Amino acid sequence: MRYLIIQIAILLIPVILLRHTWIRSRYFLQMFQQVGYKTNEFRSWIAAGFNDKVFTIEHFLMNVVLFLLIFFAAGKITYFTGAVTLAVFLSFWFWHPGRYVAGRDKKPLVVTSRVKRLLVVFFGLMGPLYGLIALMVWFQHLTGMQIGGGLLGSGVGSGTGFGSGTGSGVGSGMGSGMGGTSIEPGIWLQDPYLLTFMLLLVDMVAPLLLLFAGWLVKPVEKQIQEGFKRQAREKLASLPHLKVIAITGSYGKTSTKFMIDTLLRERYQVCTTPGSFNTPMGICKVINNDLKATHQVLILEMGARYAGNITELCSIAQPDISVVTNVGKAHLETFGTRDVIAYEKGTLARELKPGGVLVANGEDERVAAMGRERDDIERVLVGSEGSIRASGEVSVGHTGTEFEMIWMKREAGADDEVVGDVAGGSDDATVGVVGGGDDVTGAGGEGAGAEGASDVVAGDVAGDVAGEVAERGVVQMPLFGEHNIMNFMLAAGVARSLGIRFQTVVRAATRLKPVEHRLELKQMNGITVIDDAFNSNPEGARSAIDLLAAFPTGRKFVITPGMIELGEDEEMENRRFGEYIAEKGIDVAILVGPERVRPIQAGIGGGGATSPGGTEVVVVRSLFEANDEMARRAQAGDVVLYENDLPDTYSE
């Protein structure tokens, strides 16, 4: 029976550690995927959480147990006791996956072809290590020799079987070593100490091996990506009638993109990248798989975290129309300054095709300056001094947003804008000339393409205005947040440049839908939820708090981990955010991440209880705890704002 128990105990050692290594490796692979397989970012993430995630407290304690067993207890206890002790500690510390558990993550691992290739290389690195352990086990099985004893020092005393050896002298022969014991060759796995140490070592180095695998596979992935890019370029070259619209900015890109999509669908066949597909591979996937010959407009969102990102995107799809929403503080951590961000966003103006149109936020001085050096493009500025403006009172509440939009006339003497018609369009088949003049009838007219579908030809679009109003009217959007007014006017600037009439734009505004996780209103058990979890920036965060405060009834809750990637301004901006929460009289602030939210807590003025301004502050470790806290406190009629939701890589 004792032989059976020790064999079960020793068998548990590899089962527990192999299982833990797999769960742990899967977690690190998921984090690698969330940072976009960027080895530098993954390396930084590993370094930042080395003691918490790589060499954990469990690893430290298990090594302490091994050290004590080998060097202090080996001569006093039997292998039976040692093996059972190791199995018990491993079961207690390593059986439950803890921080690596699946189902508590926000963005699960997606097993793509790239992940499979990475796993092949990763297992190729792990294989020799496990092979060495297996060879050690087999050698022990054949000989009964204690490799652990030979490597780690000889024990005290001598003896046979499972006895600890209490005689005098130094043990010798095959029985010498830890515990001074000798196990009969028939007993499977004679040395639990060395087996545990080797498997534990592999468990500890698994994240570093994954990082190394990422480096090794880089050249292969680069070649594969170049193939996708080449395929996308060739497809775009085969569609000369297609107009490419590219959108960038520190924030508001996705919302503006879908507004443009809604307005242009009034007349054109449109292909738009879904969600936040704004990377080279995301854009290539849409072009290669979703873009059809019947599409007339392709709308692309172009994101950037590093200098040169937008140049790479424009090398895939050079825009006919560029839209720049703003230059904010997003990604200051990687760019350094807003001027560097502005230069990167300005790439859309520099890469714009000759004769193209730049639609820019005229309220942002950095954006308004973009494209001035080019006399071969048209600039449309949006804002108080631009050709598209908002005027009068703005109504922003929990039912939506309402404002008056004005389209200004162009300067006298400017060339008329001519936009060809598209067969199968809406009621705007006949397009008027902006600023007056004869209508240009496009249906079946001059310039019509094959099979009745003509090119979308954007002519001159005035960047300067003469101060006279061409059109004005009230826009009603079922969207929330004052920042969406600028987003809509940018979309209107694109629609106007492609010949869509003012009234059509106004009518289409009522059909806009909120973008998922961007000030999206939901109902949950009588509680109103404002989902603004996708991202957070200083302006957007304050706008979301304004919306929360605008609800006339119920208690107001905000759940937030704060804002990230703001560089040196991060602490200051989060403190200001906390101050704004208190200023607006929000009832309960549930802050996620004890270390990260300290500036917000300081801004609110609460030390964990109720702030001087009346805002109750609750600090939790995770979004799941925040949800549990909200469920205990919120009642029907209350309003809860989710402001930002950080990736799993930021979990504390």
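From a predicted model like this one, the values you see are computed outputs, not experimental measurements. (Residues numbered from 1 in each chain as written. Predicted model: local features only at pLDDT ≥ 70, side-chain atom pairs only at ≥ 80, totals over all residues. Heavy atoms only, no water.)

**A look at the overall build of the protein chain**
Counting its secondary structure elements, the protein chain contains 21 helices and 17 strands. In the protein chain, of all internal contacts separated by at least 6 residues, the share reaching a separation of at least 24 is 75%. With an accessible surface of roughly 28300 Å², the protein chain has 56% of that area assigned to carbon and sulfur atoms. (Helix = DSSP H or I, 4+ residues; strand = E, 2+ residues; numbered from the N terminus. Contact = heavy atoms within 4.5 Å. Areas by Shrake-Rupley, 256 points an atom, 1.4 Å probe, with all protein chains shown as cover.)

**Some words on helix 16 (residues 483-497)**
For helix 16, built from 15 residues, the straight-helix expectation of 21 Å at 1.5 Å per residue is met to within 8% by its first-to-last C-alpha distance of 22 Å. Burial runs high along helix 16: 14 of the 15 residues are buried. Looking at the residues trailing helix 16, positive phi occurs at Gly499, about 85°. (Expected span 1.5 Å × (residues − 1). Buried < 20%, exposed > 50% of the residue type's maximum accessible area, 1.4 Å probe, protein only.)

**Thoughts on the packing of aromatic side chains**
Using the criterion set out here, one finds 14 aromatic pairs in the structure. Relative to Trp93, the ring of Phe89 has its centre 5.0 Å away and its plane inclined at 35°; by these criteria the two rings are tilted. Separated by four residues within a single helix, Phe89 and Trp93 lie in helix 5 (residues 79-94), roughly one turn from each other. Relative accessible area serves as the criterion here: at 30%, Phe89 is assigned to the partly exposed category. (Phe/Tyr/Trp six-rings, centres within 6.5 Å; stacked < 30°, edge-to-face > 60°.)

**Here we look at the environment of Asn484**
Inspection of the secondary structure assignment puts Asn484 in helix 16. Along the chain, Asn484 and Ser543 lie 59 residues apart, while their C-alpha atoms are 9.8 Å from each other. Those residues within four positions of Asn484 in sequence are excluded, and the remaining contacts are Ser255, Met259, Met477 and Leu479. Looking at Asn484, its side chain comes within polar contact range of the side chain of Asn487, at 3.2 Å. (Polar contact = N/O pair within 3.5 Å; in protein donor to acceptor, adjacent residues only side chain to side chain.)

**Comments concerning the packing of helix 4 (residues 57-73) against helix 8 (residues 192-237)**
The contact between helix 4 and helix 8 brings their axes to 11 Å, and the two run at 160°. Between helix 4 and helix 8, the interaxial angle falls into the category roughly antiparallel. As helix 4 runs across helix 8, the sense of the crossing is left-handed. Contacts from His59, Met62, Asn63, Leu66, Leu69 and Ile70 of helix 4 reach helix 8 at Tyr193, Thr196, Phe197, Leu200, Asp203 and Met204. Looking at the contact of helix 4 with helix 8 residue by residue, the class counts come to eight nonpolar, three polar and one charged. (Axes fitted to C-alpha atoms, helices over the stretch in contact; angles between N-to-C directions. Parallel < 35°, antiparallel > 145°, perpendicular 65-115°, else oblique. Left-handed = near helix turned anticlockwise from the far one by under 90°. Nonpolar A, V, L, I, M, F, W, Y, C, P; charged D, E, K, R; others polar.)

**Describing the packing of helix 8 against helix 10 (residues 280-289)**
Here helix 8 crosses helix 10 at 45°, and the two axes come no closer than 9 Å. Between helix 8 and helix 10, the interaxial angle falls into the category oblique. Crossing handedness for the pair helix 8 and helix 10: left-handed. Between helix 8 and helix 10, the contacting residues are Gln225, Phe228, Lys229, Gln231, Ala232, Lys235 and Leu236 on the first element and Pro280, Met281, Cys284, Ile287, Asn288 and Asn289 on the second.

**Looking at the sheet that holds strand 15 (residues 588-592)**
Spatially, the six strands line up as an open sheet ordered 12-13-17-14-15-16, and their pairing is mixed. Pairing within the sheet leaves two strands with one partner each, and these edge strands are strand 12 (520-524) and strand 16 (616-620). Direction aside, the axes of adjacent strands within the sheet are offset by 20° on average. Across the sheet, helix 18 (residues 538-550) is in contact with strand 12, strand 13 (527-532), strand 14 (556-560) and strand 17 (639-643); its angle to strand 17 comes to roughly 175°. (Pairing = 2+ DSSP bridges.)

**What to know about unusual backbone geometry**
Backbone geometry at Leu519 places phi at a positive 50°, although glycine is not the residue there. Tracing the backbone shows Leu519 in the loop between helix 17 (502-509) and strand 12. Positive phi outside glycine occurs at Asn525, with the angle close to 55°. With respect to the helices, strands and loops of the structure, Asn525 is situated in the loop between strand 12 and strand 13. Judged by its relative accessible area of 74%, Asn525 is exposed.

**Some details on the side chain of Arg267**
Within the fold, Arg267 resides in the loop between helix 9 (253-264) and strand 2 (270-272). For Arg267, the side chain forms a polar contact with the main-chain oxygen of Gly499, separated by 3.5 Å.

**Observations concerning the environment of Gly82**
Within the element layout of this structure, Gly82 appears in helix 5. The exposure class assigned to Gly82 is buried, which follows from its relative accessible area of 0%. Other than its neighbours up to four places away in sequence, Gly82 contacts Leu69, Ile77 and Tyr193.

**Here's the deal with the side chain of Glu344**
Along the chain, the position of Glu344 falls in helix 13 (residues 338-345). Buried charge without a partner: Glu344 forms no salt bridge, and the closest opposite charge is Arg350, 5.8 Å away. Reaching out from Glu344, the side chain makes a polar contact with the backbone nitrogen of Gly308 at a distance of 2.9 Å. Those residues in contact with Glu344 that sit more than four places away from it in its chain are Ala304, Tyr306, Ala307, Gly308, Asn309, Ile310, Thr311 and Phe335. (Lys, Arg positive; Asp, Glu negative; His and termini not counted. Salt bridge = Lys/Arg side-chain N within 4 Å of Asp/Glu carboxyl O.)

**Structural notes on the pattern of salt bridges**
One pass over the full model with this rule turns up 29 salt bridges. Across the salt bridge formed by Lys522 and Glu520, the nearest N and O atoms sit 3.9 Å from each other. Owing to a relative accessible area of 33%, Lys522 belongs among the partly exposed residues under this scheme. Look at Glu520 and you get buried, because its relative accessible area is 18%. For Glu579, the salt bridge goes to Arg575, with nearest N and O atoms at 3.9 Å.

**Overview of the pairing of strand 5 (residues 357-361)**
With five of its five residues buried, strand 5 lies for the most part within the structure. Residue alternation in strand 5 divides its side chains into two sets, Val357, Val359 and Asn361 and Leu358 and Ala360, and both sets are buried. The pairing of strand 4 (residues 321-324) with strand 5 spans four bridges and is classified as parallel. Note that in strand 5 the partner of Val324 across the bridge is Ala360. Pairing geometry for strand 5 and strand 6 (residues 378-382), over five bridges, is parallel.

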